[in-house]
Amino acid sequence: MAITYLKKADKTPETESAQAQAVVTEMLSRIEAEGEDAVRAYAKTLDKWDGPILITREEMDARAAEVPEQVKQDIAFAVEQVRGFALAQRDSVRDFEMTMPSGLTAGQKWVPCNVAGCYVPTGRYAHIASACMSVATAKAAGVKTVVACSTPYRGGAMHPYVLYAMREAGADIVMTLGGVQAIASMAYGLFTGQPADVIVGPGNKFVAEAKRMLFGKVGIDVFAGPSEIGILADKTADPEIVAVDLVGQAEHGHESPAWLFTDDRALAEKVMARVPELIATLPEPAREAADAAWRDYGEVVLCDTREELVKVSDDYASEHLEIHCADLDWWMDNLTNYGSLFVGEETTVAYGDKCSGPNHILPTKYAARYSAGLSVHKFLKPLTWQKADREASKELAIRTARISRLEGMEAHARTADARLAKYYPGHNFDLGAPVESIS
Ligand SMILES: NC(=O)C1=CN([C@@H]2O[C@H](COP(=O)(O)OP(=O)(O)OC[C@H]3O[C@@H](n4cnc5c(N)ncnc54)[C@H](O)[C@@H]3O)[C@@H](O)[C@H]2O)C=CC1
Ligand SMILES: O=C(O)[C@@H](O)CS(=O)(=O)O
Ligand SMILES: [Zn+2]
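- Going by the annotation in an unreviewed UniProt entry, the name recorded for the chain is Sulfopropanediol 3-dehydrogenase, with Roseinatronobacter bogoriensis subsp. barguzinensis given as the source organism.
- Taken directly from UniProt, the Function (unreviewed entry) text for the chain runs: "Catalyzes the NAD-dependent oxidation of (R)-2,3-dihydroxypropane-1-sulfonate to (R)-3-sulfolactate."
- Under Sequence similarities (unreviewed entry), UniProt gives the following word-for-word description of the chain: "Belongs to the histidinol dehydrogenase family. HpsN subfamily."

## Topic: the site of ligand 2
Part 1 of the argument: Lining the immediate environment of ligand 2, one finds His127, Ser227, Gln249, His252, Glu319, His320, Asp353, Lys354 and His360.
Part 2 of the argument: Within the side chain of Ser227, an N or O atom sits 2.6 Å from an oxygen atom of ligand 2.
Part 3 of the argument: With the chains in place, 93% of the 290 Å² that ligand 2 exposes on its own is no longer accessible.
Part 4 of the argument: Split by residue class, the shell around ligand 2 holds no nonpolar, 6 polar and 3 charged.

## Points about the coordination of the zinc ion (ligand 3)
Part 1 of the argument: Every protein donor of the zinc ion (ligand 3) is listed here as Gln249 (OE1), His252 (NE2) and Asp353 (OD), and their distances to the metal cover 2.1 to 2.4 Å.
Part 2 of the argument: Ordering the donors of the zinc ion (ligand 3) by residue number gives the pattern Q-x2-H-x100-D.
Part 3 of the argument: Looking at Gln249, the relative accessible area reads 4%, which means it is buried.

## What to know about helix α16 (residues 410-423)
Part 1 of the argument: Given a rise of 1.5 Å per residue, 14 residues ought to cover 20 Å, and the 20 Å separating the end C-alpha atoms of α16 matches this to within 8%.
Part 2 of the argument: If you check which residues of α16 are buried, you get Glu410, Ala413, Ala416, Asp417 and Leu420. The arc enclosing the buried residues of α16, seen along the axis, measures out at 120 degrees, which places them on a common side. Among the exposed residues of α16, those oriented more than 90 degrees off its buried face are Ala411, Arg414 and Lys422.
Part 3 of the argument: Close packing links the buried residues of α16 with α15 (390-406).

## A word on the site of ligand 1
Part 1 of the argument: Residues in contact with ligand 1 amount to 28 residues; listed here are only the nearest, Asp47, Tyr119, Arg124, Asn204 and Ser227.
Part 2 of the argument: Contacts to ligand 1 include Tyr119, whose side-chain N or O atom sits 2.6 Å from an oxygen atom.
Part 3 of the argument: Here an oxygen atom of ligand 1 sits 3.3 Å away from a polar atom, N or O, in the side chain of Gln181.
Part 4 of the argument: Notes on ligand 1: free accessible area 870 Å², of which the protein chains cover 85%.
Part 5 of the argument: Broken down by secondary-structure element, the contributors of at least two residues to the shell around ligand 1 are α1 (17-34), α2 (36-47), α7 (179-188) and α8 (205-214).
Part 6 of the argument: Both domains that meet at the shell around ligand 1, namely domain 1 (3-12 + 226-370) and domain 2 (35-223 + 378-382), each give it at least three residues.

## Looking at the sheet that holds strand β12 (residues 299-303)
Part 1 of the argument: The strand order β1-β12-β11-β10-β13-β14 describes an open sheet built from 6 strands, whose pairing is mixed. Looking at which strands have only one partner, the edges of the open sheet turn out to be β1 (3-7) and β14 (340-343). With strand direction ignored, the average angle separating the axes of adjacent strands in the sheet is 20 degrees.
Part 2 of the argument: Pairing between strand β10 (residues 229-233) and strand β11 (residues 258-262): 5 bridges, direction parallel. Bridging from a neighbouring strand, Gly230 pairs with Trp259 of β11.

## Thoughts on the nonpolar core
Part 1 of the argument: Ile75, Val135, Ala138, Met158, Met166, Val174 and Phe379 are the most contacted members of the largest nonpolar core, which totals 46 residues.
Part 2 of the argument: Among the elements of the structure, α3 (57-65), α4 (69-92), β5 (115-120), α5 (128-141), β6 (145-150), α6 (160-169) and β8 (198-200) are those that each provide at least two residues to this core.
Part 3 of the argument: If you tally residues by element for this core, the top one is α5, at 8 residues.
Part 4 of the argument: Dropping the residues within four chain positions of it, Phe379 is found in contact with Val111, Pro112, Cys113, Ala116, Ser134, Thr137, Ala138, Ala141, Val143, Val198, Val200 and Leu374.

## Quick look at the side chain of Thr176
Part 1 of the argument: Within the secondary structure layout, Thr176 lies in strand β7 (residues 173-176).
Part 2 of the argument: Ignoring sequence-local partners within four residues, the contact set of Thr176 consists of Trp49, Pro52, Ile53, Ile55, Ser150, Pro152 and Met158.

## Quick word on the confidence of the model for the chain
Part 1 of the argument: Mean pLDDT over the chain: 96, with 100% of residues reaching 70 or higher.
Part 2 of the argument: The ipTM value of the predicted complex is 0.98, and its pTM value is 0.95.

## Thoughts on the packing of aromatic side chains
Part 1 of the argument: Following the criterion strictly, the structure yields 4 aromatic pairs and no others.
Part 2 of the argument: With 6.1 Å between their ring centres and 80 degrees between their planes, Tyr424 and Phe429 make a pair best called edge-to-face.
Part 3 of the argument: Accessibility expressed as a relative area gives 14% for Tyr424, which makes it buried.
Part 4 of the argument: Sitting above the plane of the Trp294 ring, Lys7 keeps its charged end 5.1 Å from the centroid.

## Some details on the domain arrangement of the chain
Part 1 of the argument: Domain boundaries assigned for the chain yield domain 1 (3-12 + 226-370), domain 2 (35-223 + 378-382) and domain 3 (390-439).
Part 2 of the argument: On a C-alpha basis, the centroid separation for the pair domain 2 and domain 3 is 48 Å.

## Brief notes about the environment of Gly84
Part 1 of the argument: In this structure, Gly84 sits in helix α4.
Part 2 of the argument: Here the alpha-carbon distance between Gly84 and Val115, two residues 31 residues apart in the chain, equals 22 Å.

## Focus on the packing of helix α9 (residues 239-250) against helix α10 (residues 265-280)
Part 1 of the argument: Running from amino to carboxyl end, α9 crosses α10 at an angle of 50 degrees, the nearest separation of the two axes being 8 Å. Looking at the two axes, α9 sits oblique to α10. Crossing of α9 against α10: the hand is right-handed. Contacts from Pro239, Glu240, Val242, Ala243, Val244, Leu246 and Val247 in α9 reach Leu267, Lys270, Val271, Arg274, Val275, Leu278 and Ile279 in α10.
Part 2 of the argument: For the contact of α9 with α10, the per-class residue count stands at 11 nonpolar, no polar and 3 charged.

Quick notes on the rules
Residues numbered from 1 in each chain as written. Chains lettered and ligands numbered in written order. Predicted model: local features only at pLDDT ≥ 70, side-chain atom pairs only at ≥ 80, totals over all residues. Heavy atoms only, no water. UniProt positions renumbered as here; feature names shortened; annotations may be inferred. Near = heavy atom within 4 Å. Polar contact = N/O pair within 3.5 Å; in protein donor to acceptor, adjacent residues only side chain to side chain. Areas by Shrake-Rupley, 256 points an atom, 1.4 Å probe, with all protein chains shown as cover. Nonpolar A, V, L, I, M, F, W, Y, C, P; charged D, E, K, R; others polar. Donors = N, O, S within 2.8 Å, 3.2 Å for Na, K, Ca; no water. Buried < 20%, exposed > 50% of the residue type's maximum accessible area, 1.4 Å probe, protein only. Helix = DSSP H or I, 4+ residues; strand = E, 2+ residues; numbered from the N terminus. Expected span 1.5 Å × (residues − 1). Arc of directions from axis to C-beta. Contact = heavy atoms within 4.5 Å. Domains from an automatic or database assignment. Pairing = 2+ DSSP bridges. Axes fitted to C-alpha atoms, helices over the stretch in contact; angles between N-to-C directions. Core = buried A, V, L, I, M, F, W, Y, C linked by side-chain atoms within 4.5 Å. pLDDT = per-residue confidence, 0-100. Phe/Tyr/Trp six-rings, centres within 6.5 Å; stacked < 30°, edge-to-face > 60°. Lys NZ or Arg CZ within 6 Å of the ring centre and 35° of its normal. Parallel < 35°, antiparallel > 145°, perpendicular 65-115°, else oblique. Left-handed = near helix turned anticlockwise from the far one by under 90°.

Structural data, given as structure tokens:
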């Protein structure tokens, strides 16, 4: 396999994980010990916020009244697109029941979690769209109580449009809290008395790490950390569009990788020349963020064949993956690892980020090898059930008793024995040899 790195990054998505782990470990243990006092202290030192944490319904309504009409319409559009896609996902999963050969009836029933925590990042940018993505999807899944949190915006109250988007998408409780302190508060039910069953939403390395560490106590959607983009481009691609799209995601932050995978050296060279020029024209803080992201995390990989490109792209498992190549169906058929796929030049990651419908909360740091992004499924449990009449219970009891005894589990076996004795008095069954005591 011939792979040439025309630009190789010094850093990988995993660089700097250790620093975040140390910070988050200490913060979570202090919050666990000191509760709301520790949360308020972190909100003050990290986000300069010492105002109220809970936003009342009256305040939400009052602040909504100040949102300009065009903004309301754009947010309503985004919410509708995301909700529509999420409802279609909900329709694609179904309950079922079946009768087994033994006569037992068994089934699966999709049940939503009761309380979901939705984190909306606003450290660098006001991520209005993230509020639509998480809250609308939780509600489409049927979650009863959605607790939404967002960072105090630049030391002040929550960003008004983020708050409006939460309200429009159906949030039940809203808290002005960011970072680890927000994730921990949702997990422990601080300020609300309603611990989350599942916490979703993107965030910086501290947020992503806090979710990872609290997994187990709560469910999480996926490791949705600093944004990534990969672009597959062949000689049919437009280098200007490819360069614009790479820079489009590099502005997320200095830890956001942008990768180009191509079999066309001329295209690669044009893109590499154009990216720094495009970055230089950005306003701050986007320019500084994109410049550092491209310098430290940007990569350009040249391969000989499209099969090699598929292998490389699958190894990177990019959060977002654009295809600017001929024979789009071939790529769709062969790629297996990506958070969300953008097929052809006529769509772009930013459409998905802001309003097209498929969710933008997506796996990063190679997590697309084993997980998709946020969907209704992350809020739903395919719970199973079973029911038997006495006839069906007979064969199951005999086999359960024997298998239990083979395993050395006498008490399990006796739950089956007891049913046979009750339903079939006076009958003898081969129920296996009683388990011997071990001293
Ligand atoms: N993977 C995905 O689906 C998506 C990822 N993103 C990513 O989300 C991230 C958003 O990050 P931000 O803008 O920073 O917002 P953020 O809300 O995630 O982080 C801000 C919070 O970080 C905390 N923080 C900052 N420095 C800290 C420190 N030294 N120690 C402890 N806590 C600290 C503060 O408490 C602050 O509230 C970006 O990396 C973006 O790429 C955004 C959207 C979707
Ligand atoms: O990682 C992501 O999904 C982001 O690109 C989404 S957004 O651009 O912040 O809306
Ligand atoms: Zn983006």
